[in-house]
Amino acid sequence: MRVQTIKLVILALATLMISSCQSPTGKLQSQFSSPPHPEKKPKELTKHGDVRVDNYYWLNQRENPDVIEYLNAENSYLDEVMASTKSFQASLFDEIISRIKQDDESVPYLDNGYYYYTRFVEGGEYPVYCRKKGSLDAQEEVMLDVNLMAIGHNYFQIGGASVSTDNKLLAFGVDTVSRRKYTVYIKNLETGEIYTDAIKETTGGVAWANDNKTFFFTRKDPLTLRSEKIFRHSLGDDPQKDELVYFEEDETYSVGVGRTKSGKFLLIGSSSTLSSEYLYLSANQPYKSFKVVQERQDNVEYSVDHFGEFFFIRTNWEAENFRLMKTPVNKTGMDNWQDVVQHDEDVLFEGFELFSQFLVLQERKEGLPLMRIISMLSKEGEEQVLPFDEETYTASISVNRDFNTELLRYTYSSLTTPRSTYDYNMLTGERILLKRDEVVGAYNPDDFVTERRWAEAQDGTLIPMSVVYKKGLVMDGSNPALLYAYGSYGYSMSPSFSSVRLSLLNRGFVYVIAHIRGGQEMGRYWYEEGKLLKKKNTFTDFNDCAEYLINNKYTTHDLLFAQGGSAGGLLMGAILNMRPDLYKGVIANVPFVDVVTTMLDETIPLTTSEYDEWGNPNDPDYYQYMLSYSPYDNIEAIDYPAILITTGLHDSQVQYFEPAKWIAKLREMKTDDNILIMRTNMEAGHGGASGRFKRYEQVALGYAFILDLAGIME
């Protein structure tokens, strides 16, 4: 849930100039030289006998001209406040994109006789989807040139691109609004024709049946955007007459459809935060009925793949950290599940990859990823573990479409090592580096230091942190530092490389990722200890990490900055209310800050599906607990550090009005004169701008914001 162009700025200024020449509307109490103040329209919100008064509730009216005027006024005010950094922002932007290889290309992977890859052309904002038949020396086929497709659109995103089993047809989704509502199109890869089968309101991807004319797709609820229905479509048919094959009635669940790696089965997956259910159908018989693998049970999650005569199942059934099981295809019920890899209370089992001779496990131990390879032919189940040498790093299984290969494709990165793609020979142990992302210009990983440090939380729990800084930096408390975290949904924030981050490191910053509870870095229990009625652990963990950095002289509170986005934006709002004294400045990207009101509104996207994450405030206990930390509800008349907020008008995950209300109330309540500004991207949503380079304009803004506060302007 919750994770400008010059043209927009000119539009914003024009709007304000027009309004200043007309009679005052009373909607904005000040403009330009002082910050905008939207009109206060008190609205009483009552639940469980508790009455809250929300003066800015009316800002949820997306189509109201006064709302748009206010958002534009905030953008104009930000431009005025940041005017002295305008040239610095431009130089930072140029610096950031100068490190990015313009004419880049992904490592091709083999699938069904074709090598698939994407490439970028110099100056191009969008990828070009390509393939070659049989050999990398074959002639290139351009499937989609998104640079051409995006012409005339302020936002353009491809979502899902899947080829039919006969390699002749491409299904792909297009979103031009940034609400993650895709229209699916079909392209004939032999003739270049785009068929008339345009299917709207989808998640973007499809799952092809093996007849090469039938596919299944997921449709969203128009209001809540919940993925709720699976339809079957046959090429040439009217999409309005597509057959509904599955409807998820439980509003806490969302659905999707896909194929097993073997290509023999279609799978419908329906899941909530804590439970899941899968149905399967032979891809050769798309007009038969789906059958359930295992009926849903409370607090039981599982996922399915297929090989040979078995379905392989990753599940947390009687296994908090998950285990791997298998069951015959014709006997799928839980009573028939057999252990393949047993549960380990010290190791989180995150995923797996099936090969004809090997089983590869993606695991995590003490916060770091592991890959374990088990022989499927050896009775003893001989094992090998991929070696990783750095103190803190990230590694993950990549695209492996072929069962009958001894090569495992995986990726590796660290805070100092750019993303690297390897093929590992599981028979010989030979490792081949296929590509390491190029950093254009001078970059030497030996010029930087990475560390793994542990901060003690209030309850004695040790919180891991990944740290990187320029070699030679003296830890005497004089260094600026940026502390980042997420801490929700069990998402593990792995320490990976960013060439963008060099703009901070080369200017003397210490960069730190706090692996706080609410993520899953230390195992499933790490997630359980940072959700629902234990959510505050997430926030106090972050502040404890901040204090560790200050006490150990990595930085000082006058030079410590914090950043988080979406649910990490909730984190920023909470730490600001709890310990504003720890930070010089905070960047909150698309922040989820109005927790109680949002979670009480079932018409807002994602609300009902996230009761198991945050709690259902219709329950008095959850209501009171959420109210005790909700950033919007806990703003006080105190001093806050400098704050930069970003949002998107079309955000489908954290609605724009949450940060808009938050900044209005902060400005009304706070007792300091520190900078408080907000940028609303009027053309985008949760992920920001869609272009390859354009997104870095916002990064440059954020960097200029904290660098200026740190006294660094070059």
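See the structure shown above.
Read on for a plain summary of the structure. (Residues numbered from 1 in each chain as written. Predicted model: local features only at pLDDT ≥ 70, side-chain atom pairs only at ≥ 80, totals over all residues. Heavy atoms only, no water.)

So, on to the overall build of the protein chain. The helix and strand tally for the protein chain stands at 13 helices and 37 strands. Over its C-alpha atoms the protein chain spans a radius of gyration of 26 Å, differing by no more than 12% from the 27 Å that the globule rule assigns to 714 residues. Expressed as a percentage of the 714 residues in the protein chain, the buried residues total 58%. Taken as a whole, the protein chain presents about 29,200 Å² of accessible surface, with 46% of it coming from carbon and sulfur. Computing the positive centroid from 72 side-chain charges and the negative centroid from 102, the protein chain places the two 3 Å apart. (Helix = DSSP H or I, 4+ residues; strand = E, 2+ residues; numbered from the N terminus. Rg over C-alpha atoms; globule rule 2.2 N^0.38 Å. Buried < 20%, exposed > 50% of the residue type's maximum accessible area, 1.4 Å probe, protein only. Areas by Shrake-Rupley, 256 points an atom, 1.4 Å probe, with all protein chains shown as cover. Lys, Arg positive; Asp, Glu negative; His and termini not counted. Charge placed at Lys NZ, Arg CZ, Asp CG, Glu CD.)

Moving on, we come to the pattern of salt bridges. Within this structure, the stated rule accounts for 36 salt bridges. In this structure, R364 engages E350 in a salt bridge whose closest nitrogen and oxygen atoms are separated by 2.9 Å. Separated by 14 residues along the polypeptide, R364 in strand β23 (residues 358–365) and E350 in strand β22 (residues 348–354) bring together distant segments of the chain. One salt bridge in this structure joins E529 and K534, with 2.8 Å as the shortest N-O distance. (Salt bridge = Lys/Arg side-chain N within 4 Å of Asp/Glu carboxyl O.)

Quick look at the nonpolar core now. Counting 115 residues, the largest nonpolar core has L71, L483, F509, F542, Y583, W614 and W662 as the members making the most contacts within it. Ignoring sequence-local partners within four residues, the contact set of F542 consists of L483, Y484, A485, A514, I516, A562, L571, M572, I575 and Y583. Within the second largest apolar cluster, 17 residues are counted, among which are V360, L386, A395 and Y412. (Core = buried A, V, L, I, M, F, W, Y, C linked by side-chain atoms within 4.5 Å. Contact = heavy atoms within 4.5 Å.)

The subject of this paragraph is the packing of aromatic side chains. Counted under the stated rule, the structure contains 34 aromatic pairs. Ring geometry for Y302 versus W337: centroids 5.7 Å apart, planes at 65°, classification edge-to-face. Here Y302, found in strand β18 (residues 302–307), pairs with W337, found in the loop between β20 (323–328) and β21 (338–341); they are 35 residues apart in sequence, far enough to count as distant. With a relative accessible area of 4%, Y302 lands in the buried category. Ring centres of Y443 and F497 lie 5.3 Å apart, and the angle between their planes is 55°; this geometry places the pair in the tilted category. Placement of Y443 in the loop between β29 (431–436) and β30 (448–456) and of F497 in the loop between β32 (481–484) and α5 (502–505) is noted, with a sequence separation of 54 residues between them. With respect to class, Y443 is no different from F497; both count as buried. Members of the aromatic cluster, each reached through a chain of ring pairs, are F388, Y393, Y410, Y412 and Y422. The ring of F355 has K261 sitting right over it, with the charged end atom 4.3 Å from the ring centre. One cation-aromatic arrangement involves K665 over Y632; the distance from NZ or CZ to the ring centre is 4.8 Å. (Phe/Tyr/Trp six-rings, centres within 6.5 Å; stacked < 30°, edge-to-face > 60°. Lys NZ or Arg CZ within 6 Å of the ring centre and 35° of its normal.)

What follows concerns helix α7 (residues 536–551). In this model, α7 (16 residues) spans 22 Å end to end at C-alpha, consistent with the 22 Å of a helix rising 1.5 Å per residue. The element α7 is extensively covered by neighbouring structure, given that twelve of its 16 residues are classed as buried. Turning to α7, its buried residues number three or more, namely N537, T538, F539, T540, D541, F542, N543, D544, C545, A546, Y548 and L549. Backbone geometry just after α7 places K553 at a positive phi near 60°. (Expected span 1.5 Å × (residues − 1).)

To continue, consider the side chain of N543. Counting through the fold element by element, N543 comes out in helix α7. At a separation of 2.6 Å, a polar atom in the side chain of N543 contacts the side chain of Y583. Residues in contact with N543, not counting those within four places in the same chain, are I575, M578, R579, L582 and Y583. (Polar contact = N/O pair within 3.5 Å; in protein donor to acceptor, adjacent residues only side chain to side chain.)

Let us look at the sheet that holds strand β6 (residues 140–145). The strand order across the open sheet formed by four strands is β3-β4-β5-β6, and the pairing between neighbours is antiparallel. Taken across any chain shown, the strands that pair with only one partner, and hence form the sheet edges, are β3 (109–111) and β6. Averaged over all adjacent pairs, the angle separating strand axes in this sheet is 30°, with direction ignored. Where β3 lies against strand β4 (residues 114–119), three bridges are found, and the strand directions are antiparallel. Across the sheet, the residue bridging to L110 is Y115, located in β4. (Pairing = 2+ DSSP bridges. Axes fitted to C-alpha atoms, helices over the stretch in contact; angles between N-to-C directions.)

In this section: the packing of helix α2 (residues 65–81) against helix α12 (residues 657–669). Direction vectors running N to C along α2 and α12 enclose 65°, while the axes themselves pass 11 Å from each other. Crossing handedness for the pair α2 and α12: left-handed. Facing Y70, L71, E74 and Y77 of α2, the residues of α12 in contact are A660, I663, A664 and R667. In the contact of α2 with α12, the residues fall into six nonpolar, no polar and two charged. (Left-handed = near helix turned anticlockwise from the far one by under 90°. Nonpolar A, V, L, I, M, F, W, Y, C, P; charged D, E, K, R; others polar.)

Before going further, it helps to spend a moment on the sheet that holds strand β26 (residues 394–397). The four strands lie next to each other as β26-β27-β28-β29, forming an open sheet whose pairing is antiparallel. Every other strand in the sheet has two partners, leaving β26 and β29 as the edge strands with one partner each. Strand after strand, the sheet turns through a mean of 25° between neighbouring axes, direction not considered. Bridge count between strand β27 (residues 407–413) and strand β28 (residues 420–425): six bridges; the pairing is antiparallel. Note that in β28 the partner of L408 across the bridge is Y424.

Distances and angles like these do not, on their own, reveal function.
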